[in-house]
Amino acid sequence: MLRVHMSVTAIRQLIGVKTVQCASVCRSVACLHRAGGGVRWKSSYKQAPLLTATPVRGLIDEQISIKGRFLRPHCPVTVCAQMHSEDGDLWEAFAHYNTKADGTIDLTRDHSVGGTYLGCEPMGLFWGLQPAPGAREGLRLRKKNVETPFVVLMSLLEGHVSPSEGQSTELAAVTTERWYMAPGVRRIDIRQDGLVGTLFLPPGPGPFPAMLDLWGMGGGLVEYRSALFASRGYASLSLAYIGHKELPGPQNKLNVDDLYFKSAYHFLQDHDQVCGDRVGIIGLSFGVFLTLRLATQSGLKPSCVICINGPIGSTISLPGGRSVSFEERNSKYWTYNDQGHVSFKDISLPANISPESKVKLEFLASPLMCIVGEDDLSTSNIENADVIEETLRNVGKSHLLTRLSYPGAGHLIEPPYTPNSRASLWSVKPKKLITLWGGQLAPHAAAQEDAWKKILDFMESHLRQ
């Protein structure tokens, strides 16, 4: 069982949050009374305000019930969440509430009337986290070490205030732990047959259904989605294919070919802790192209395929000829907004993708879930999803497709209750680039919550039954 070993004060010191003025939250009054020559003591006690989070530790995709009690009735209060990323940057969210007649607030019931979000949003303090004022430009919150939790300090403040204003009266506080890895999940580094990845296995003896997990051209080895899949009972292999020091260099070029991805699939399929006939593939962004490419090649028939905001082809060829970088091949399609932030959206327009690089979708034989964020500023995923839908319809395979479309959602549709970055730092060399992802705060959060539930249901249907 996971345990918190630090006090609220220690957590506040750890994440660098100022200690705010504490209200007098309890008082005992001793009164001396004389009656018939005797002396007796009379005591009265007022309960301190209390902020609770249930559970205080849990998986990142679990809802938390946040409540305040023993408050003055019909009074304004602020609930604030603050945490540091692994890079040391402070993130925060806050919301204004008015207490009920019984002196309580309940975020599963009550509506925020101001702050980071409005309305009844039980998890708004988590998906609403944003860099604190004065933070570095282009931040994106991502978990690097999945063997530790995000630790979030939650405070109940007097009045409708902003944490950045400085002095506030703190009424109560509680810390929460948010994990991607459940107790008993095993994390295994994979460095064999040229593969660079991390395998996550659920607790228990197995064998388990499994997912091959492919991310985008941001590169590196991204583990947190795979860790969460394992926490939900699926073996998962997170695979690096670009931008990792243990892959063939240079790091900004794609230097692995089809055989690399096939080897990863077969490694997972042949593992003694995996049900070899129950393996799926999930991809986001450029990982969608790789996912579809794998799923339509002869000799492979994944049990299910999940594609999130990605293209059906690529302007970057897999090695065979000269390997080129993302920047070398695609910069002619880049567009910029008034702030100088770059959008890669036009790169993936089907009209800009050479016919020979497009996936042969007519060969698809696996159930496919296609997830579309309609406010995506990084990929032309609506147009690509239209091509998928039309192609499958023309070859009599419409039954294979489940299409989910989310207005207001951006490119980075990830596990729920995590904050979206509408734009973030893409590169610093040869020049600093901030890339646009898109997504409106509340609609994107709603999309992540709904999509994750449907992803797990889809996997349950095709990997367990």
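Criteria and thresholds
- Residues numbered from 1 in each chain as written.
- Predicted model: local features only at pLDDT ≥ 70, side-chain atom pairs only at ≥ 80, totals over all residues.
- Heavy atoms only, no water.
- Helix = DSSP H or I, 4+ residues; strand = E, 2+ residues; numbered from the N terminus.
- Buried < 20%, exposed > 50% of the residue type's maximum accessible area, 1.4 Å probe, protein only.
- Contact = heavy atoms within 4.5 Å.
- Areas by Shrake-Rupley, 256 points an atom, 1.4 Å probe, with all protein chains shown as cover.
- Pairing = 2+ DSSP bridges.
- Axes fitted to C-alpha atoms, helices over the stretch in contact; angles between N-to-C directions.
- pLDDT = per-residue confidence, 0-100.
- Polar contact = N/O pair within 3.5 Å; in protein donor to acceptor, adjacent residues only side chain to side chain.
- Salt bridge = Lys/Arg side-chain N within 4 Å of Asp/Glu carboxyl O.
- Core = buried A, V, L, I, M, F, W, Y, C linked by side-chain atoms within 4.5 Å.

Q: Now, about the overall build of the protein: what can you tell me, with residues and values included?
A: The helix and strand tally for the protein stands at 8 helices and 25 strands. Taking all 465 residues of the protein together, 55% fall into the buried category. Taking the contacts inside the protein whose residues are at least 6 apart along the sequence as the reference set, 69% of them involve residues at least 24 apart. Of the roughly 20,200 Å² of accessible surface on the protein, 51% is carried by carbon and sulfur atoms.

Q: Just give me the short version of the sheet that holds strand 18 (residues 274-284), but keep the residues and values in it.
A: Ordered in space as 14-15-17-16-18-19-22-23, the 8 strands form an open sheet in which the pairing is mixed. Looking along the sheet, the strands with just one partner apiece sit at the ends: strand 14 (186-190) and strand 23 (401-406). The mean angle between the axes of side-by-side strands here comes to 15°, regardless of whether they run parallel or antiparallel. Bridge count between strand 14 and strand 15 (residues 197-201): 5 bridges; the pairing is antiparallel.

Q: Please give an account of unusual backbone geometry that cites residues and values.
A: The amide bond that connects Thr54 to the next residue, Pro55, takes the cis arrangement and shows omega of -5°. Here Pro55 is to be found in the loop between strand 4 (50-54) and strand 5 (57-59). Its identity as a non-glycine residue notwithstanding, Asp193 has a phi of 55°, on the positive side. Looking at the secondary structure, you find Asp193 in the loop between strand 14 and strand 15. You will see that Asn309, though not glycine, has its phi angle at about 50°, which is positive. By secondary structure assignment, the location of Asn309 is in the loop between strand 19 (305-308) and helix 6 (326-330).

Q: I'd like a rundown of the confidence of the model for the protein, residues and numbers included.
A: When pLDDT is averaged across the protein, the result is 89; 87% of the residues are at 70 or more. Contacts of residues 17-43 to residues separated by more than four positions or lying in other chains number 44 contacts, the stretch itself having pLDDT below 50.

Q: Explain helix 3 (residues 224-231) to me, and be specific about the residues and the numbers.
A: Extensive coverage of helix 3 is indicated by the burial of 8 of its 8 residues. The complete set of buried residues in helix 3 reads Tyr224, Arg225, Ser226, Ala227, Leu228, Phe229, Ala230 and Ser231. One or two steps after helix 3, the chain reaches Gly233, where phi turns positive at roughly 100°.

Q: Give a detailed account of the environment of Arg191, specifying residues and quantitative values.
A: Position of Arg191 relative to the elements: it lies in the loop between strand 14 and strand 15. For Arg191 and Glu246, which are 55 residues apart along the polypeptide, the C-alpha to C-alpha distance reads 9.0 Å. Beyond its immediate sequence surroundings of up to four residues, Arg191 is in contact with Val196, Gly197, Leu221, His244 and Glu246. A polar side-chain atom of Arg191 sits 2.9 Å from the main-chain carbonyl oxygen of Gly197. A distance of 2.8 Å separates a polar atom in the side chain of Arg191 from a polar atom in the side chain of Glu246.

Q: How would you sum up the pairing of strand 25 (residues 433-436)? Please name residues and give values.
A: The side-chain alternation of strand 25 yields two buried faces, one formed by Leu433 and Thr435 and the other by Ile434 and Leu436. Bridge count for strand 24 (residues 423-427) against strand 25 is 4 bridges, and the pairing is antiparallel. Residue pairing across strands places Leu425 opposite Ile434, the latter belonging to strand 25. Linking two consecutive strands that pair antiparallel, namely strand 24 and strand 25, is a turn of 5 residues.

Q: Any details on the pattern of salt bridges? Residues and values, ideally.
A: One pass over the full model with this rule turns up 20 salt bridges. In this structure, the salt-bridge partner of Asp61 is Arg232, at a minimum N-O distance of 2.7 Å. Of this pair, Asp61 sits in the loop between strand 5 and strand 6 (65-69) while Arg232 sits in the loop between helix 3 and strand 17 (235-239); the two residues are 171 residues apart in sequence, bridging distant segments of the chain. With a relative accessible area of 11%, Asp61 lands in the buried category. Residue classification places Arg232 among the partly exposed positions, given a relative accessible area of 31%. Salt-bridge contacts for Arg109 lead to Asp110; the nearest nitrogen and oxygen are separated by 2.7 Å.

Q: Could you give an account of the nonpolar core, naming the residues involved and the relevant values?
A: Counting residues in each nonpolar core, the largest one holds 69 residues, and the members touching the most others are Leu125, Leu156, Phe229, Ile306, Ile371, Ile455 and Met459. Ranked by the residues each element gives to this core, the list is headed by helix 8 (residues 441-463), at 9 residues. Setting aside chain neighbours within four positions, we find Phe229 in contact with Met211, Tyr234, Ser236, Ile282, Trp452, Ile455, Leu456 and Met459. Among the nonpolar cores identified, the runner-up in size contains 51 residues, and Leu237, Leu268, Leu300 and Leu368 belong to it.

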